[in-house]
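Observations on the model geometry
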Amino acid sequence: MTTFAELLLNGVSLGSIYALIALGFVVIFRATEVVNFAHASLLLAGGYFTAVLHDDIGFWPALLVGIGGAALVGAAVEFLVMRRYRGSDHSVLAIVTIGVDILLATELTRRIGTDILSLGDPWGDSVVTFGPVTIAQTRIAALLLAALLITAFLLAFRYTSWGVAMRAAAENQETAALMGIRLGRVSLGAWAVAGGLAAVAALFLTVFPTPGLERSTSFAAMKAFPAAILGGLDSTTGALVGGLLVGVTESLATGYQGDLAFLGRGIGDLAPYLVMVAVLLIRPAGLFGTKELARV
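Basis of the calculations
Each chain carries its own residue numbering, running from 1 in the written order of its sequence. In keeping with the model being predicted, local features are shown solely for residues with a pLDDT of at least 70 and side-chain atom pairs are shown and tallied solely at 80 or more, while totals for entire chains, interfaces and linings include all residues. The basis for every side-chain value is the complete set of non-hydrogen atoms in the structure, without hydrogens or water. Only buried residues count toward a nonpolar core. Its members are Ala, Val, Leu, Ile, Met, Phe, Trp, Tyr and Cys residues joined through side-chain atoms within 4.5 Å. Accessibility here uses a 1.4 Å probe with only protein chains present; expressed as a share of the type maximum, an area under 20% marks a residue as buried, one over 50% as exposed, and anything in between as partly exposed. Helix numbering and strand numbering both begin at the N terminus, where a helix is a DSSP run of H or I of at least 4 residues and a strand a DSSP run of E of at least 2. Whether two residues are in contact is decided by their heavy atoms, any of which lying within 4.5 Å being enough. Axes here refer to lines fitted to C-alpha atoms; in helices the fit is confined to the stretch in contact. Angles between the N-to-C directions go from 0 to 180 degrees. Note on residue categories: nonpolar means Ala, Val, Leu, Ile, Met, Phe, Trp, Tyr, Cys or Pro, charged means Asp, Glu, Lys or Arg, and polar means any other residue, Gly included. Here the expected length of a helix is defined as 1.5 Å per residue gap, with one fewer gap than residues. A residue's bend is simply the angle between two axes: one fitted to the seven residues ending at it, one to the seven starting at it. Here roughly perpendicular refers to angles of 65 to 115 degrees, roughly parallel to angles under 35, roughly antiparallel to angles over 145, and oblique to all remaining angles. By definition here, a salt bridge exists when the distance from a side-chain nitrogen of Lys or Arg to a carboxyl oxygen of Asp or Glu is within 4 Å. Whether two strands pair comes down to DSSP finding at least two bridges between them. Side-chain rings of Phe, Tyr and Trp (the six-membered ring for Trp) are treated as a pair once their centres are within 6.5 Å; stacked means planes under 30 degrees apart, edge-to-face means over 60, and tilted covers the remaining angles.

**Details of the nonpolar core**
Counting residues in hydrophobic clusters, the biggest one holds 72 residues, and the most contacted among them are Ile21, Leu43, Leu203, Phe204, Leu205 and Leu213. Ranked by residue count, the leading element in this core is helix α1 (residues 2-32), at 13 residues. Leave out the neighbours within four places in its chain, and Leu43 touches Ile21, Ala198, Ala201, Ala202, Leu205, Thr217, Ser218 and Ala221.

Listed below in C-alpha cells is the structure:
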C-alpha cells in the first residue's frame, strides 16, 4: 500500500507537469487550429536558458529569464514563420512546425552536446516523509507551482480580454476578425504563453530524481502529447485531466513493471499511448473535445 501511495503521489506530480505541456499544445490549437510539433524545442530552449544562466545570476532570476526566453522564442516562431503561412491548410502548417522543431532542436542539441546541465534548483535531493510515504521535494514543488500556474492561466483565459479574444477566435476566426479581434495578436500571445509554460515544465523534468538537462529532454514533451489528445485538443480542462491520467498511468506502470513483465520492457513509456488509443476508440474527439457536427 505504501508503494502504491508513493507511486500515486509521484504520478499526480508528474501529471501536473505534463498538464503544463499539454496546455501549451491546447492554447496554440485553440488560437490557430494548428498542432504545434515544435513544442518540444520550446521546452528545451527554456531549460537551456535557465541552465546556462543560473551560476551567474542565481536560480530564480535564471528561471524567469528561461520562461521569458522560451516565450520570446515561441513569439518569434509565430511572427517570423507561422504568420507567413497564414491561410494555408492546417496540415501544411503542422508540417511547418515540424521543420521549425528540427531547426531549433538541432541548434540546441549542438550547444548542449553530450553534457548534462544542472538547472541549479534549490531543492536538491531532499525528500519529505508523510508517515510511511516518502516523496522528493521537487515533486511537491512541481505540483504546487503547476497548480498555481494552471489556476492563473484558467482565470486569465476566463476573465481577461486576451482570454475572451482567444475563445472567440476558437469559435469562429472569421467572425472574430469581423468583430475587431486581432487574430495575429491572439496567435502571438498563444505561442508566447505556450513557450513560458514549457520552460516551467522543463525545470521539473530535469531536477531530482532526473540527473539534469540533456539533448534528449525534449522527448519528454512528446509524452504530454497523448495527454492533450486524449483530453481533447480544444479543451483546457481536457489538458489538465489528460495530463494527470498520463502521469499516474506512467508512474504506476513503471512502478509495477516487474509484475507486468509479460507485457515486455518499457511498459511505463508505452502505457500513456495505450491509454490514449483506448480513449480515442470510445471518444474520437477526446474526453472533453468538441465533436464536429456536419449537416447532410
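Here the narrative resumes, following the displayed structure.
**Structural notes on the packing of α1 against helix α6 (residues 161-171)**
Between α1 and α6, whose axes approach to 7 Å, the crossing angle comes to 65 degrees. Listed contacts from α6 to Val27, Arg30 and Ala31 of α1 are Trp162, Met166, Arg167, Ala169 and Ala170. Along the lines of polarity and charge, the residues of the contact of α1 with α6 split into six nonpolar, no polar and two charged.

**Digging into helix α2 (residues 39-57)**
The terminal C-alpha atoms of α2 lie 27 Å apart, and with 19 residues this matches the ideal 27 Å at 1.5 Å per residue to within 8%. At Ala51, α2 shows its maximal bend, which comes to roughly 25 degrees. Gly58 occupies a position one or two residues after α2 and carries a positive phi of about 95 degrees.

**A look at the environment of Arg185**
Structurally, Arg185 can be placed in helix α8 (residues 183-206). Under the relative-accessibility criterion, Arg185 is labelled exposed at 55%. Considered as a pair, Arg185 and Phe79 are 106 residues apart in the sequence and their alpha carbons are 9.6 Å apart.

**Points about the packing of α6 against α8**
Two measures define how a pair of helices packs: the angle their axes make with one another and the distance between the axes. As a packed pair, α6 and α8 sit with axes 10 Å apart at the nearest point and diverge in direction by 110 degrees. By the angle class used here, α6 and α8 are roughly perpendicular. For the pair α6 and α8, contact is made by Trp162, Ala165, Met166 and Ala169 and by Leu183, Val186, Gly189, Ala190 and Val193, respectively. Tallied by class, residues from the contact of α6 with α8 come to eight nonpolar, one polar and no charged.

**Overview of the pattern of salt bridges**
In this structure the tally under the stated criterion is four salt bridges. Put simply, Glu107 and Arg111 hold a salt bridge, and the shortest N to O gap is 2.8 Å. Placement of the pair is Glu107 and Arg111 together in helix α4 (residues 90-112), with a separation of four residues, close to one helical turn. Overall, Glu107 belongs to the partly exposed group, its relative accessible area being 30%. Looking at Arg111, the relative accessible area reads 48%, which means it is partly exposed.

**Things to note about unusual backbone geometry**
A cis geometry characterises the amide bond from Phe208 onward to Pro209, with omega recorded as 10 degrees. Residue placement: Pro209 occurs in the loop between α8 and α9 (219-223). Positive phi, close to 60 degrees, is recorded for Glu33, a residue that is not glycine.

**Focus on the pairing of strand β1 (residues 127-130)**
Judged from the four bridges that link them, β1 and strand β2 (residues 133-136) form a sheet pairing that is antiparallel. Looking at the pairing, Val128 lines up with Ile135 of β2. Joining the antiparallel neighbours β1 and β2 is a turn of two residues, in which Gly131 adopts a positive phi near 65 degrees.

**A look at the packing of aromatic side chains**
Tallied over the entire structure, the rule returns nine aromatic pairs. Between Trp123 and Phe204, the aromatic rings sit 5.7 Å apart at their centres with planes inclined by 35 degrees, giving tilted as the arrangement. With Trp123 in the loop between α4 and β1 and Phe204 in helix α8, this residue pair connects regions lying 81 residues apart in the sequence. An identical accessibility class is assigned to Trp123 and Phe204; each is buried. Put simply, the rings of Phe59, Trp60, Trp123 and Phe204 pair up and form one aromatic cluster.

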